[in-house]
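# Structural features, examined
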Amino acid sequence: MVQTRDMEGYLCGLLMPSSAREAFFALRAFNVEIASIKDSSMLMGGRSRGRRDTDGEGEGMGDSSLASRLRMQWWRDGIAEVYDDMDTTDDLQQKQSSQDPILRSLTSSRKLNPTLRSLTQAIHTHQLTHRFLRRMMEAREKDLEVMQYERYRDVAQYGEDTVSSVLYLSLECVGVRDDQSDLVVSDIGVGLGLITSLRSTAFRATQGECSIPFDLATKHSVTMDTIWSAWNASNIDIVTENEESKSAQEALRDATRELAEMAAFHLHRARENQGTVPKEGRPCLLPAVCGLQYLNALEACNFDVLHPSLVGSSEGDGDVGVDRSRRLNLMLLLGRAWLTGTF
């Protein structure tokens, strides 16, 4: 799952110590599972509105929203059960026998889920902190109904609650639990959270969402129509441009640049302080390399977040070559960071 749906996480995981690698992949798989709940609900519920449909939520959105919350509750109950079982192993058999058939069925389904089984093993082996897993699920659930965050700080907090939590748990997998290391990975998590917001601009637009927070969007006059016009202007197959599309592209570029600079600030601060992280915890910082590579690629495109080389074009002309080249470059950068212990 991680290899196909989180390639960057997979490459980072290959460089983790063997004693922590399985737990690291379990965490990344869990993150993929709960992150995909919102995306699948939008596709199932018809939330995608295209460019011109400005009506309310799509038909069936209520059902898909309920389904999403049920899926999230399934994971919440499953994780809680793991920690409850660690505290009440003596009463486990009695608890299972007293459950009604539906509860027993849900419990059985959780035990058969490969991601939850791997995560359970990681929790038991490395004594992972429940609070971080709970915070990830709570943030993802709140995000289910978010169409656009109000402020930059809300996006940063979402990155702290989700990405940073994964990094805190990754540190625990290698036995590192100290405040200085947590400060470093907190900056990395916030930076990567802001970058994820940028990287999802195209996909979120197709779902009727704006990944640029409202305060920056207002500052730079970015609307959904702006994003669609900028997307057309970014498409290399569109040969006729007008002043409106150029203006839209410039507005989105300015907002992107500001958000990218905020992400770069956090990643560079983490780079300056990475010396405070023990040697055994350095592999957990490797995701920062992926974020920095994206920022470099974004700057090379003059902060055109919808450039075909960043999101792929409908024709796919040259995209495969660009993707392979970028992946090879990322592998080299990750390898160098792993060997030197610095990114």
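Below: a short report on this structure. (Residues numbered from 1 in each chain as written. Predicted model: local features only at pLDDT ≥ 70, side-chain atom pairs only at ≥ 80, totals over all residues. Heavy atoms only, no water.)

### Quick word on helix α13 (residues 224-234)
Taken residue by residue, α13 has T226, I227, W228, S229, A230, A233 and S234 as its buried positions. Against the buried residues of α13 lie α11 (201-206), α14 (243-273) and α16 (308-311). (Buried < 20%, exposed > 50% of the residue type's maximum accessible area, 1.4 Å probe, protein only. Helix = DSSP H or I, 4+ residues; strand = E, 2+ residues; numbered from the N terminus. Contact = heavy atoms within 4.5 Å.)

### Let's talk about the packing of helix α10 (residues 179-199) against α14
Across the interface, α10 lies against α14 with an axial gap of 8 Å and an inter-helix angle of 160 degrees. Judged on the interaxial angle alone, α14 and α10 are roughly antiparallel. Seen from above, α10 lies across α14 with left-handed handedness. Packed against α10, whose contacting residues are V184, D187, I188, V190, G191, L194, I195, S197 and L198, the element α14 presents T256, L259, A260, M262, A263, H266, L267, R269, A270 and N273 at the interface. Broken down by class, the residue content of the contact of α10 with α14 amounts to 12 nonpolar, five polar and two charged. (Axes fitted to C-alpha atoms, helices over the stretch in contact; angles between N-to-C directions. Parallel < 35°, antiparallel > 145°, perpendicular 65-115°, else oblique. Left-handed = near helix turned anticlockwise from the far one by under 90°. Nonpolar A, V, L, I, M, F, W, Y, C, P; charged D, E, K, R; others polar.)

### Comments concerning the nonpolar core
Membership of the largest hydrophobic core comes to 90 residues, with the highest contact counts inside it found for F30, L133, I188, I212 and F343. For F343, the residues in contact, after removing those within four places along its chain, are I188, L267, A270, R271, Q274, L285, A288, V289, L292 and A337. (Core = buried A, V, L, I, M, F, W, Y, C linked by side-chain atoms within 4.5 Å.)

### Overview of the environment of V155
Counting through the fold element by element, V155 comes out in helix α9 (residues 152-173). Distance in space between the C-alpha atoms of V155 and P213 is 7.2 Å, their sequence separation being 58 residues. For V155, the contacting residues outside a window of four places in its chain are Y149, G193, L194, S197 and P213.

### Structural notes on the packing of helix α8 (residues 130-143) against α9
Two numbers describe how α8 lies on α9: the axes approach to 9 Å, and their chain directions differ by 155 degrees. In terms of axis orientation, α8 runs roughly antiparallel to α9. Handedness of the α8/α9 crossing: left-handed. Contacts between α8 and α9 pair F132, L133, R135, M136, A139, R140 and D143 from the former with Y158, E160, D161, T162, S165, V166, Y168, L169 and E172 from the latter. By residue class, the composition of the contact of α8 with α9 is eight nonpolar, two polar and six charged.

### Here we look at the pattern of salt bridges
Enumeration according to the criterion identifies 17 salt bridges in this entry. A salt bridge links R28 to D6, with the nearest nitrogen and oxygen atoms 3.0 Å apart. Of the two residues, R28 is situated in helix α3 (residues 18-45) and D6 in the loop between α1 (2-5) and α2 (7-14); the sequence distance between them amounts to 22 residues. By the burial criterion, R28 is buried, and D6 matches it. K38 is the partner of E209 in a salt bridge, and the nearest nitrogen-oxygen pair spans 3.3 Å. In this pair, E209 sits in the loop between α11 and α12 (214-219) while K38 sits in helix α3, placing the two residues 171 residues apart along the sequence. (Salt bridge = Lys/Arg side-chain N within 4 Å of Asp/Glu carboxyl O.)

### Topic: a nonpolar patch on the surface
On the surface, L328, M331 and L332 cluster together to form a nonpolar patch covering roughly 320 Å² of accessible area. Along the chain, M331 falls in helix α17 (residues 319-340). (Patch = residues over 30% accessible without salt bridge, like charges linked within 9 Å, V, L, I, M, F, W, Y side chains within 5 Å. Areas by Shrake-Rupley, 256 points an atom, 1.4 Å probe, with all protein chains shown as cover.)

### Considering the packing of aromatic side chains
One pass over the full model with this rule turns up seven aromatic pairs. Taking the centre distance of 6.0 Å and the plane angle of 65 degrees together, the rings of F24 and F25 count as edge-to-face. The exposure class assigned to F24 is buried, which follows from its relative accessible area of 2%. Within the aromatic cluster, the residues linked to one another by ring pairs are Y10, F24 and F25. (Phe/Tyr/Trp six-rings, centres within 6.5 Å; stacked < 30°, edge-to-face > 60°.)

The values are spatial; any link to function lies outside them.
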